[in-house]
Amino acid sequence: MHMFGRGFDFFNGFNGFWPLMILGGILRIAVIGVVIYLVYRLISKENSKNQQYRASHRAVDILKERYAKGEISEEEYEQKMRKLRE
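Since the model is a prediction, treat every value here as computed from it, not as a measurement.

Things to note about the overall build of the protein
So, point 1. Counting its secondary structure elements, the protein contains 2 helices and 2 strands.
So, point 2. Sequence-ordered secondary structure for the protein, helices as α and strands as β, is β-β-α-α.
So, point 3. Sequence separation of 24 or more characterises 7% of the internal contacts of the protein that already satisfy a separation of 6 or more.
So, point 4. Roughly 7900 Å² of accessible area belongs to the protein as shown, and the carbon and sulfur atoms make up 61% of that amount.

Brief notes about the packing of aromatic side chains
So, point 1. Counting across every chain of the model gives 1 aromatic pair.
So, point 2. Consider the rings of Tyr67 and Tyr77, whose centres lie 4.7 Å apart with planes at 25 degrees: the pair is stacked. With a gap of 10 residues between them, Tyr67 in helix α1 (residues 18–69) and Tyr77 in helix α2 (residues 74–85) connect regions that are remote in the sequence.
So, point 3. Residue class for Tyr67 comes out partly exposed when judged on its relative accessible area of 34%.

About the criteria used
Residues numbered from 1 in each chain as written. Predicted model: local features only at pLDDT ≥ 70, side-chain atom pairs only at ≥ 80, totals over all residues. Heavy atoms only, no water. Helix = DSSP H or I, 4+ residues; strand = E, 2+ residues; numbered from the N terminus. Contact = heavy atoms within 4.5 Å. Areas by Shrake-Rupley, 256 points an atom, 1.4 Å probe, with all protein chains shown as cover. Phe/Tyr/Trp six-rings, centres within 6.5 Å; stacked < 30°, edge-to-face > 60°. Buried < 20%, exposed > 50% of the residue type's maximum accessible area, 1.4 Å probe, protein only.

Written out as structure tokens, the structure reads:
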């Protein structure tokens, strides 16, 4: 005979001892919460990388456009392009 009543069943938790059944429910909720949090972090990290890439690409496009319009010199264009590639 087990110490806590009928024993532990993996799928049903602790049968017959309600404090441990509550603890098992809380544990399940915590595990689900951790999984959701990790998925959220993974997705947000990917979105952050995409936003940084788009911002960098947009800056290069603006720089090329300003050079094409004659707003900046070739020297200034090269200098700013090197800065963006760092």
